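# Chain and residue survey
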Amino acid sequence: MKIKQRTLTDILKVAEAFYPSEIGGLLLGDEVIDNYVLIPGRYTPRSVSVKLNQLPIYVKKKGTFHSHPSSNASPSRADEAFFSKMGRYHLILAKPYNKESVKAYNNRGEETKLEIVNEE
Ligand SMILES: [Zn+2]
C-alpha cells in the first residue's frame, strides 16, 4: 500500500482533531493514494456504523481509514467485516496519530506494508 506523505499527514491531523471521537473515510488514488474523503458515521473500537448505501460513488476508491481513540491500531471484528466490503487497503490511525502509530491492512484484515511516498 502506497500513500503520499501529504495525504497521510492530513488524515493524521484529522484524526487528532476529532479525538476523542473517531473519524473515518475513503482513501482515493490510482497506484498511490493521494486523496481522501471523510464519511460521516460512528467508528468505535468495537463497531463501525456508516450508511454505506448513502455514499457517493468514488471511481478512484482504494480503501478506507479510520481512527481509534487509543494506542491500539489492531482491527476489531467489526473492522474486519467492514474492510472486506470496502476496497483493498485500510488504515487504522491510533494515538498519538503519527506515522509510527498507523497500521495498514488488506481486505482480509492482515497487516500489510505501508509505503510513504514523498512528493517529487
Ligand atoms: Zn476500528
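As a reminder, the structure under discussion sits directly above these lines.
## A short note on helix H2 (residues 77–85)
The complete set of buried residues in H2 reads Asp79, Phe82 and Phe83. Axial view of H2: buried residues confined to an arc of 100 degrees, hence all on one face. Every exposed residue of H2 that faces more than 90 degrees away from the buried side is listed here: Arg77 and Lys85. Buried positions along H2 lie against strand E5 (48–49), strand E7 (89–93) and strand E8 (102–106). Phi turns positive, to about 110 degrees, at Gly87, one or two residues after H2.

## Considerations on unusual backbone geometry
Backbone torsion omega between Tyr19 and Pro20 reads 10 degrees, so that peptide bond is classified as cis. In this structure, Pro96 follows Lys95 across a cis peptide bond, with omega equal to 0 degrees. Structurally, Pro96 can be placed in the loop between E7 and E8. A positive phi is found at Tyr97, a non-glycine position, where the angle reads about 60 degrees. Following the sequence through the fold, Tyr97 ends up in the loop between E7 and E8.

## A closer look at the pairing of strand E6 (residues 61–67)
Where burial is concerned, most of E6 is hidden: six out of the seven residues are buried. Bridge analysis of strand E2 (residues 24–29) against E6 gives five bridges, and the strand direction is antiparallel. Residue pairing for E6: Leu26 is matched across the bridge by Thr64. Pairing of E6 with E7 involves five bridges; the strand directions are parallel. Among the inter-strand pairings, Ser67 is bridged to a residue of E7, identified as Leu93. The parallel pair E6 and E7 is bridged by H2, and the resulting crossover is right-handed.

What counts and how
Residues numbered from 1 in each chain as written. Predicted model: local features only at pLDDT ≥ 70, side-chain atom pairs only at ≥ 80, totals over all residues. Buried ≥ 20, exposed ≤ 12 C-beta atoms within 10 Å, placed from the backbone. Helix = DSSP H or I, 4+ residues; strand = E, 2+ residues; numbered from the N terminus. Arc of directions from axis to C-beta. Contact = placed C-beta atoms within 7 Å. Pairing = 2+ DSSP bridges. Right-handed = clockwise from strand over helix to strand, strands pointing away.

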